[in-house]
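Here's the letter readout for the chains.
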Amino acid sequence: MTAGQPSHPPVSPDGTDQIGRSANSVSHLSVRPLSADDGLLALTSLVHSAYAPHAERGLRFWGTHQSVEDTAERFSTGQGFVAEVDGEVVGTITLRPPQPESPVALYRLADVWSFCQFAVAPAQKRRGVGVALHEHALVYASSLGAKRMALDTATPATGFIRMYKSWGYEACGHCDWRPHTNYVSTLMVRDIAAGGSVC
Ligand SMILES: CC(C)(COP(=O)(O)OP(=O)(O)OC[C@H]1O[C@@H](n2cnc3c(N)ncnc32)[C@H](O)[C@@H]1OP(=O)(O)O)[C@@H](O)C(=O)NCCC(=O)NCCS
């Protein structure tokens, strides 16, 4: 399985899947929808810790400083998912349907879903949790009719732009969330089915 060509793991009707992995990856990883029992304070702390390396580089992502209220508001724009390892929440992603009111034209398109608030706890990074959350989001969005997935990230975060390219995305423009951030963002998009060029 490669990240650029996801295997589309099975997703049950309640949006949960179990992922068996090996080697350096975690063995008891599952992804499920956010629930009312998930603590927003703990999730905000998780997001802050995941995004801390960006803050250390001087990049003011939303995730470096968002409040608990911001976390709730961001989840409310779509469907939140969390990844668990041995019952502990170690990652999250927020999947958003088309956003008719968005200032970003790409996000207003009827076939384009997007994601944000994508974070994995520092101790669990590079073990496949992020890919599992992302693939879960692709499958879920596809099941609801999405044709393309989009995101934006900091233009100076070239390592992450390379990562998303390796996951099938292409840069297709810019957007600007300043003063909430302190950088111009790069928009990226991929075809959900094929992972090919769609810009
Ligand atoms: C982005 C993030 C969620 C990825 O989660 P993760 O669990 O570490 O990712 P995975 O282990 O599933 O990574 C799979 C592959 O993606 C690529 N990748 C992951 N993190 C990367 C990084 N920091 N730089 C470059 N490539 C990376 C690698 O190819 C990796 O495979 P490998 O470890 O075998 O080389 C995590 O790094 C994170 O929380 N970052 C801080 C928050 C953030 O930047 N979110 C995205 C904002 S747009």
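The rules behind each value
- Residues numbered from 1 in each chain as written.
- Predicted model: local features only at pLDDT ≥ 70, side-chain atom pairs only at ≥ 80, totals over all residues.
- Helix = DSSP H or I, 4+ residues; strand = E, 2+ residues; numbered from the N terminus.
- Near = placed C-beta within 6 Å.
- Nonpolar A, V, L, I, M, F, W, Y, C, P; charged D, E, K, R; others polar.
- Expected span 1.5 Å × (residues − 1).
- Bend = angle between axes of the 7 residues up to and from the residue.

**With respect to the environment of D191**
So, step 1. Within the fold, D191 resides in strand β8 (residues 184-191).
So, step 2. Between the C-alpha atom of D191 and that of A146, which follows or precedes it by 45 residues, the distance is 9.2 Å.

**Quick notes on the site of the ligand**
So, step 1. In the region of the ligand, 20 residues are neighbours, and A50, K125, G130, V131 and T153 sit closest.
So, step 2. Listed by contribution, the elements that provide at least two residues to the shell around the ligand are α1 (40-56), β5 (112-120), α5 (129-143), β6 (148-154) and α6 (158-166).
So, step 3. Per element, the largest residue contribution to the shell around the ligand is four residues, and it comes from α6.
So, step 4. Residue composition of the shell around the ligand, by class: 11 nonpolar, six polar and three charged.

**Focus on α1**
So, step 1. In this model, α1 (17 residues) spans 24 Å end to end at C-alpha, consistent with the 24 Å of a helix rising 1.5 Å per residue.
So, step 2. At A50, α1 shows its maximal bend, which comes to roughly 40°, and the proline P53 appears one to four places after that position.

**What about unusual backbone geometry?**
Peptide bonds are mostly trans, and most non-glycine residues show a negative phi.
So, step 1. With omega at 10°, the peptide bond leading from R178 into P179 counts as cis.
So, step 2. Within the secondary structure, P179 sits in the loop between β7 (170-176) and β8.
So, step 3. Even without glycine at this site, D86 takes up a positive phi of about 50°.

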